[in-house]
Every structure is written in C-alpha cells, then in structure tokens.
Amino acid sequence: MPRRNPARERPQRRKTAHHHREPADASRCVGCRLDVPMIAPGTAHRNHCPHCLTSLHVDHRIPGDRRAGCRGRMAALSVTVRPDGEWLIIHHCESCGELSANRIAGDDNALALLRIAMRPLSDPRLPVNALLAL
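One structure accompanies this document, and this report is about it.

**Remarks on the nonpolar core**
The tendency in soluble globular proteins is for nonpolar side chains to be buried as a group. In terms of nonpolar packing, the biggest core is built from 7 residues, these being Leu-53, Ala-76, Val-79, Ile-89, Ala-112, Leu-113 and Ile-116. Among the secondary structure elements, those contributing two or more residues to this core are β4 (73-81) and α1 (110-118). The contact partners of Leu-113, leaving out residues within four places of it in the chain, are Leu-53, Val-79, Trp-87, Ile-89, Ile-104 and Asp-108.

Here's what the structure looks like:
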C-alpha cells in the first residue's frame, strides 16, 4: 500500500530521557535499597543506613576519609556502649572480615538497635538466669 503523502511527513520527536537522579546529598543503601541522607544528626559523617544499619567499607582509619579499597558490605554485628553512655555499632565487613566501630546517629532505627543489642540474650548457650542474677 503506498504512503498517503510522503512530502507531509511529521518529523520524529526527540526522546527526552528522564533518568532518575539521586540528589547529591543522598545515597542508596546496599542492604535495604532505601535512600540514605548524607546528613546525620549527632555525627559529622554518615557511615551507615539509619533503617537497616548496614554500611559500606569506605573508611580506612579515620571516619570520613573514604580511603578503604574494599568497598564491601558491612553488616551490623553488635553494639557497644562507651563509658560516657554513647552507643557504637560494631560492623563486620563481609568481603575482607575487618571490624569497625561506628557512632550511632540520632535518626537510627531504635528497634533495629535494640534487636542487635538483644541478640546475645537469644543465644541458647548463654545462661540467661546467671545474667539476671547480677
């Protein structure tokens, strides 16, 4: 079948790609895939997701230096408390096995922190009665 009028063809519209860009002040969590704001209340450097507490192995020795070559996923392993009452999350790198302590932020999920803190009490090998007697 012949074309109707080849001289009157409409030019093809240009496609404008609408890529989803994350703002420069946010990143994507490797654990829960939620957006993580880079500004954290109570600390100068955001180093873990406030929702699932997962982190990336990016800091080498100093918080915020971003010099680690590993870039592995760091799972929240435990919590510890400093003598002044400040809580720290102990992260374990799933790639290289390194442990690191990170300060909690003011917007961290309190339920996730308590789950990690209560994890040793759910171990059947631990004599809970002896702990309660202290």
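**Some thoughts on the pairing of strand β6 (residues 99-103)**
With 5 bridges joining them, strand β5 (residues 87-93) and β6 adopt antiparallel strand pairing. Residue pairing across strands places Ile-89 opposite Asn-102, the latter belonging to β6. Here β5 hands over to β6 after 5 residues, with Gly-97 in that stretch at a positive phi of 85°.

**Quick notes on α1**
Listing the buried residues of α1 in full gives Ala-112, Leu-113 and Ile-116. The buried residues of α1 occupy an angular sector of 100° when the element is viewed end-on, so they sit on one face. Along α1, exposed side chains directed more than 90 degrees from the buried face belong to Ala-110 and Arg-115. For α1, the elements touching its buried residues are β4 and β5. In this structure Asn-109 caps α1, since a side-chain oxygen of it lies 3.0 Å from the backbone nitrogen of Leu-111.

**Details of the sheet that holds β4**
Across the sheet, which stays open at both edges, the 4 strands sit in the order β3-β4-β5-β6 with antiparallel pairing between neighbours. Two strands lie at the open edges of the sheet, namely β3 (55-56) and β6, each paired on one side alone. Sheet topology note: the β3/β4 ladder contains 2 bridges and is antiparallel. Residue pairing in the sheet places Leu-56 in a bridge with Arg-73 of β4. Most of the contacts of α1 go to β4, to which it runs at about 75°, and overall it touches β4 and β5.

**Here's the deal with the pairing of β4**
For β4 and β5, the ladder comprises 7 bridges, and the chain directions are antiparallel. Within β5, the residue paired with Val-79 across the bridge is Ile-89. Counting the residues that bridge the hairpin from β4 to β5 gives 5 residues, and of these Gly-85 lies at a positive phi of roughly 95°.

Quick notes on the rules
Residues numbered from 1 in each chain as written. Predicted model: local features only at pLDDT ≥ 70, side-chain atom pairs only at ≥ 80, totals over all residues. Heavy atoms only, no water. Core = buried A, V, L, I, M, F, W, Y, C linked by side-chain atoms within 4.5 Å. Buried < 20%, exposed > 50% of the residue type's maximum accessible area, 1.4 Å probe, protein only. Helix = DSSP H or I, 4+ residues; strand = E, 2+ residues; numbered from the N terminus. Contact = heavy atoms within 4.5 Å. Pairing = 2+ DSSP bridges. Arc of directions from axis to C-beta. Polar contact = N/O pair within 3.5 Å; in protein donor to acceptor, adjacent residues only side chain to side chain. Axes fitted to C-alpha atoms, helices over the stretch in contact; angles between N-to-C directions.

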